[in-house]
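Listed here are the chains, written in short residue letters.
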Amino acid sequence: MRPGPLRQVRLVLGLGVRRWLNRVASGFAAKLGARGAAAVVRPPTARRRISSGAVMALFLIGAVFQVGFSMWMFGQRAAAVDGRPPVRDSTWASARSTAAAAEPGWQQRVREQLAGDRAMRELPEELRDQMLTAAVTLLATPAVADADEVLHRRIAHLTAALLAMVAVCAVILPLGMANTDLAKPDWDELWLAAQPVSDRVLFTARLVQYTLLGVLVWMAVPAAVAVLAISNGASWQAGVGLGLVAGLAWAVTAAAIRLVIEIWLRQHLAHARIKNLQAGCTVLGMAAMVAMYGAAMGYGPLPGWFLDWAGLLPWSWLPSGWASVAALQPEWRLPLVVGGLAIAAAAAVTAVQLCTAWSSGGLIAHDGTLNGARQGPPGRWRPMRVLGKDLLLLRRDRALLVQALVMPLFMIALQLVLNPTLAATAVSGFHAAVTSAVALGGWVLVSATMALAFEGQALWILAGAPQPLAHAIRGKVVMWAIFATGYAVAGLVVITTLLPWPGATALADIVMVLTGLPLLAVLAVGIGAAATDPQSTQPNRRVGPGSVYLYMLVMGLFSLTVNRGSAHQRLAMLVLLAVIAWALWQRLRDRLAYLFEPIDRPPRQVDLADGAWAAFAFLVLQGLIAVLLLALEVEPATSIVGAFALAGGITALATLLTLWRSRVPQLLTAVGLRPPPGTSVLRTVVTGLVAGGAAAVFAGGYLTTIGWLAPRLPALHEMLEQAGDHPMGVTGWHMVALAVVLAPLCEEFIFRGLLFRGLRRDLPLVWAAAASAAVFAIIHPSLGVIPVFGLGLACALAYARTGWLLAPIVAHALYNGVVVLLSGG
């Protein structure tokens, strides 16, 4: 029996919505269920992401709140176009009342009232004075009391211009980025087309699906319209109702336009032309998105380019502008709402009818994928193997080429054009310009996180090629490193041509860029490859956004170090990047053997990645917590000690929890917190004392040597004087607690229990001890790198000798105690 139309729509819609929900919240329920299941039961998915409905709800609430606040600020800024400052309506009404009274000195009182508003306090002083003067002049005008109607029309016009940008984003962005391949229907659409479901029902269900899943429209339009109506006198019930109705009308209209464009393109254009058009939609959509954010967010006057855009057309009278007029002019609200819903309904019916008529001969009429004679790749690409294949793919796939290589350059250039302050900062000096070049190269590598996922189903063929898959991934690293470094080098050439050469510091900047970007390429490809899920049927979902955010966090910290870091901090950042890159590839090596296994995972053990991320998190948390405590007016010395203790405790607990959830066997013994069977406490303590004593003797000889050299070397003498000043007054019991108690406990767990143990998987004992000691030393002040390296070497050997962290903790505490006594701290 053939199901009815409503049941068919429910089937198609339910399938599409369920796919979307599964993508967003994949893995959470399965992981919780597997926690209490028998050992033989494993979640039937390769993904290991944690994503809950509560987290999603919090994200949506935060996004809607941000849109509402931005729209409220936009209304205030739009009101300032004709002379009114961007203040709250209540502040402006109070100022108008004071001006209407016309008592002596009213001008000064008006200035004080307006200057006390939060939006005015956050403006630069010169701009604030100009706006206050213009406001006093406006309030002195006799007709100011009758200007509300004109003001509302002005705000409605500017809001309609902003909503027109939202409309462009809502239609263009899905065509460019939401589709893996715009020229091909989704697999479920092809499957349903072969079932006893009419074309009209199929397209109706697709229209409803696009309407419900138009996230950009539902996040932006209802909140924007509701805040605009409420801030201009409407009740919250009327404002929210108007926002929801406007969101529904917009979502239906945008879905209808998207559906018509998709079907028309598949019926009338060949595959290659559609891919080119998709690349153009990506660029145009992202440009509209950046322009929309640039106009809607921020304080102060609206940008001049946005006012020029608003003057191009009568946006309030276009179909995209009815909601803004309805929010500001209640007398027109009902007819405008009815008209907006009628436009949406007409667009939906028209879209379904057109798509049904066009698809009478099939969903695709001009699929050029298999048309024409096929030839092998040109001979010049063959010696490059996988690298040549990737370069050839970029040349043929215009959408991928735009996403990978054009979009970063375009986005950076667009930011500089829309933000004159940022552009002025970027060219203010050689160092600032180098930071911009780092940002450009780093943005290119965002696409590198998808390097393995771009293979799609061809990943199975690549894994069966007569070379290890790891070699193919290394070829991808080389390609992306060349791209990122090439963009940065081009930027450096322009910088050195246009800006004056600052001297030796420029060489340090250039070395940092040319060394750091290849390391970032290793990180980007490694993060993405380790998180790739070949089982996913959606190539653009093979790598989750968490991997991209993780890379962007590391990239941001690297850029910050380039911009503001000292020479020692830059070296430390490069060492940490190298260790993290090594750690990622160590874990990826374990993962590749199980890459195509849908339910199994490699046996979990403590590896270098655990130590690298723990060290990275410890350093970042320590700085953030110290800044927070200082902002709370905690004593500086207490802030440093407290930040060290909190950062170490949080890092240790989070690492242990992660390893426990990963089912590391004998976890406490694996990280050195529990002694191996048969270990003697006395022998462990004696080993630690011997190691600490040896490190202290070495440090004493080092200090004696530099003390002898200091009078003969002025630079060394200056360094010793600076090192003699305790940072922020950390002396007395603060120094004892920090150096003798907290540092041995926290640092030995991270650098010996995790980092050294991970290095031992790949290196002999001596080399692993030296490598862990080098990382440990580089995060300390430059003058103490050599003795701290000796301490790290002694602690690693003591830990290897006993297998228990008690030995390096005793050694570390003894060494630091001796140093504190000798320094008189």
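Draft legend 1. Molecular detail of the overall build of the protein chain. Assigned secondary structure in the protein chain consists of 34 helices and zero strands. Sequence separation of 24 or more characterises 78% of the internal contacts of the protein chain that already satisfy a separation of 6 or more. Total accessible area computed for the protein chain in this model is approximately 39,100 Å², and 69% of it derives from carbon and sulfur atoms.

Draft legend 2. Inspection of the environment of Ala-296 at higher detail. Take Ala-296: it is sitting in helix α13 (residues 271-296). In this structure Ala-296 comes out as buried when scored by relative accessible area, which is 15%. Spatially, the C-alpha atoms of Ala-296 and Met-73 are 8.0 Å apart, while their sequence positions differ by 223 residues. When near neighbours in sequence (up to four residues on either side) are disregarded, Ala-296 contacts Ser-70, Phe-74, Arg-77 and Leu-162.

Draft legend 3. Structural view of the pattern of salt bridges. Taken as a whole and assessed by the stated rule, the structure comprises 10 salt bridges. Of the charged contacts, one joins Arg-258 and Glu-262 as a salt bridge, the two residues approaching to 3.0 Å between their closest N and O atoms. Taken together, the residues Arg-258 and Glu-262, both in helix α12 (residues 236-268) and four residues apart, mark about one turn of the helix. There is no split in this pair, since Arg-258 and Glu-262 are both buried. Between Asp-762 and Arg-589 there is a salt bridge, with its nearest N and O atoms 3.0 Å apart. Linking Asp-762 in the loop between α31 (732-759) and α32 (765-778) with Arg-589 in helix α25 (residues 567-592), this pair joins segments that are 173 residues apart in sequence. Bridged by salt links that share partners, the residues Arg-587, Arg-604, Asp-607 and Asp-610 form one connected network.

Draft legend 4. Fine view of a nonpolar patch on the surface. Side chains of Ile-230, Trp-236, Val-240 and Leu-244 sit close together on the surface and give an oily, nonpolar patch of about 390 Å² of accessible area. Counting residues per element, the nonpolar patch draws most heavily on α12, which supplies three residues. Mapping Val-240 onto the fold places it in helix α12. Relative accessible area serves as the criterion here: at 34%, Val-240 is assigned to the partly exposed category.

Draft legend 5. Examining unusual backbone geometry more closely. For Arg-663, which is not a glycine, the phi torsion comes out positive at approximately 60°. Its place among the elements puts Arg-663 in the loop between α27 (636-661) and α28 (667-670). Of note in this structure, Gln-666 is not a glycine but carries a positive phi near 50°. Along the polypeptide, Gln-666 turns up in the loop between α27 and α28. Assessed through its relative accessible area of 63%, Gln-666 is described here as exposed.

Draft legend 6. View of the nonpolar core. Counting residues in hydrophobic clusters, the biggest one holds 116 residues, and the most contacted among them are Leu-445, Ile-473, Trp-480, Leu-520 and Phe-558. Top element by residues in this core is helix α22 (residues 469-498). It accounts for 14 residues. When near neighbours in sequence (up to four residues on either side) are disregarded, Ile-473 contacts Leu-452, Val-525, Ala-529, Trp-585, Leu-588 and Leu-592. With 69 residues, the next largest nonpolar core counts Met-71, Ala-256, Val-337 and Ala-348 among its residues.

Draft legend 7. Expanded view of the packing of aromatic side chains. The tally for this structure, following the rule as stated, stands at six aromatic pairs. Relative to Phe-616, the ring of Trp-613 lies with its centre 6.1 Å away and its plane at 85°, an arrangement referred to as edge-to-face. With Trp-613 and Phe-616 both in helix α26 (residues 608-631), this residue pair falls three residues apart, about one helical turn. Judged by its relative accessible area of 8%, Phe-616 falls in the buried class. Ring geometry for Phe-756 versus Tyr-799: centroids 6.1 Å apart, planes at 65°, classification edge-to-face. Note that Phe-756 is positioned in helix α31 and Tyr-799 in helix α33 (residues 785-802), a separation of 43 residues in sequence. Given a relative accessible area of 2%, Phe-756 falls into the buried group. Residue class for Tyr-799 comes out buried when judged on its relative accessible area of 5%. Sitting over the ring of Tyr-210, Arg-258 keeps its end group 3.8 Å from the ring centre. Geometry around Phe-776 places Arg-752 over its ring, the cationic atom sitting 4.5 Å from the centre.

Draft legend 8. View of α33. Given a rise of 1.5 Å per residue, 18 residues ought to cover 26 Å, and the 26 Å separating the end C-alpha atoms of α33 matches this to within 8%. Residues of α33 that are buried: Pro-787, Val-788, Gly-790, Leu-791, Gly-792, Ala-794, Cys-795, Ala-796, Ala-798, Tyr-799 and Thr-802. The first or second residue beyond α33 is Gly-803, which carries a positive phi of 75°.

Draft legend 9. A look at the packing of α26 against α31. Two numbers describe how α26 lies on α31: the axes approach to 7 Å, and their chain directions differ by 150°. With respect to α31, the element α26 is oriented roughly antiparallel. For the element pair α26 and α31, the recorded crossing hand is left-handed. Here α26 contributes Leu-608, Asp-610, Gly-611, Ala-612, Ala-614, Ala-615 and Phe-618 to the contact with α31, which in turn contributes Cys-746, Ile-750, Phe-751, Leu-754, Leu-755, Gly-758 and Leu-759. Considered class by class, the residues forming the contact of α26 with α31 number 11 nonpolar, two polar and one charged.

Draft legend 10. Just the side chain of Thr-435, in detail. Relative to the assigned elements, Thr-435 resides in helix α20 (residues 430-444). The buried category is assigned to Thr-435, whose relative accessible area is 15%. In contact with Thr-435, other than residues within four places in its own chain, are Ser-559, Val-562 and Asn-563.

Draft legend 11. Structural context of the side chain of Thr-687. Mapped onto the secondary structure, Thr-687 falls in helix α29 (residues 681-709). Of note is the side chain of Thr-687, whose polar atom sits 2.7 Å from the backbone oxygen of Arg-683. Ignoring sequence-local partners within four residues, the contact set of Thr-687 consists of Ala-798, Arg-801 and Thr-802.

Draft legend 12. Here's a closer look at the confidence of the model for the protein chain. Confidence along the protein chain averages 76 in pLDDT terms, with 76% of residues attaining 70 or more. Considering each helix and strand of the protein chain separately, the mean pLDDT is smallest for helix α2 (residues 28-35), with a value of 41, and largest for α33, with 91. Counting contacts from residues 26-52, a segment whose pLDDT is below 50, to residues more than four positions away or on other chains yields 45 contacts. Within the model, the stretch residues 367-375 combines pLDDT values under 50 with five contacts to residues more than four positions away or in other chains.

Draft legend 13. Summary view of the environment of Phe-454. When you line up the elements, Phe-454 lands in the loop between α20 and α21 (458-463). Judged by its relative accessible area of 25%, Phe-454 falls in the partly exposed class. In the structure, Phe-454 is positioned 78 residues away from Thr-532 in sequence and 9.9 Å away in space, judged by C-alpha atoms.

Cut-offs and rules
- Residues numbered from 1 in each chain as written.
- Predicted model: local features only at pLDDT ≥ 70, side-chain atom pairs only at ≥ 80, totals over all residues.
- Heavy atoms only, no water.
- Helix = DSSP H or I, 4+ residues; strand = E, 2+ residues; numbered from the N terminus.
- Contact = heavy atoms within 4.5 Å.
- Areas by Shrake-Rupley, 256 points an atom, 1.4 Å probe, with all protein chains shown as cover.
- Buried < 20%, exposed > 50% of the residue type's maximum accessible area, 1.4 Å probe, protein only.
- Salt bridge = Lys/Arg side-chain N within 4 Å of Asp/Glu carboxyl O.
- Patch = residues over 30% accessible without salt bridge, like charges linked within 9 Å, V, L, I, M, F, W, Y side chains within 5 Å.
- Core = buried A, V, L, I, M, F, W, Y, C linked by side-chain atoms within 4.5 Å.
- Phe/Tyr/Trp six-rings, centres within 6.5 Å; stacked < 30°, edge-to-face > 60°.
- Lys NZ or Arg CZ within 6 Å of the ring centre and 35° of its normal.
- Expected span 1.5 Å × (residues − 1).
- Axes fitted to C-alpha atoms, helices over the stretch in contact; angles between N-to-C directions.
- Parallel < 35°, antiparallel > 145°, perpendicular 65-115°, else oblique.
- Left-handed = near helix turned anticlockwise from the far one by under 90°.
- Nonpolar A, V, L, I, M, F, W, Y, C, P; charged D, E, K, R; others polar.
- Polar contact = N/O pair within 3.5 Å; in protein donor to acceptor, adjacent residues only side chain to side chain.
- pLDDT = per-residue confidence, 0-100.

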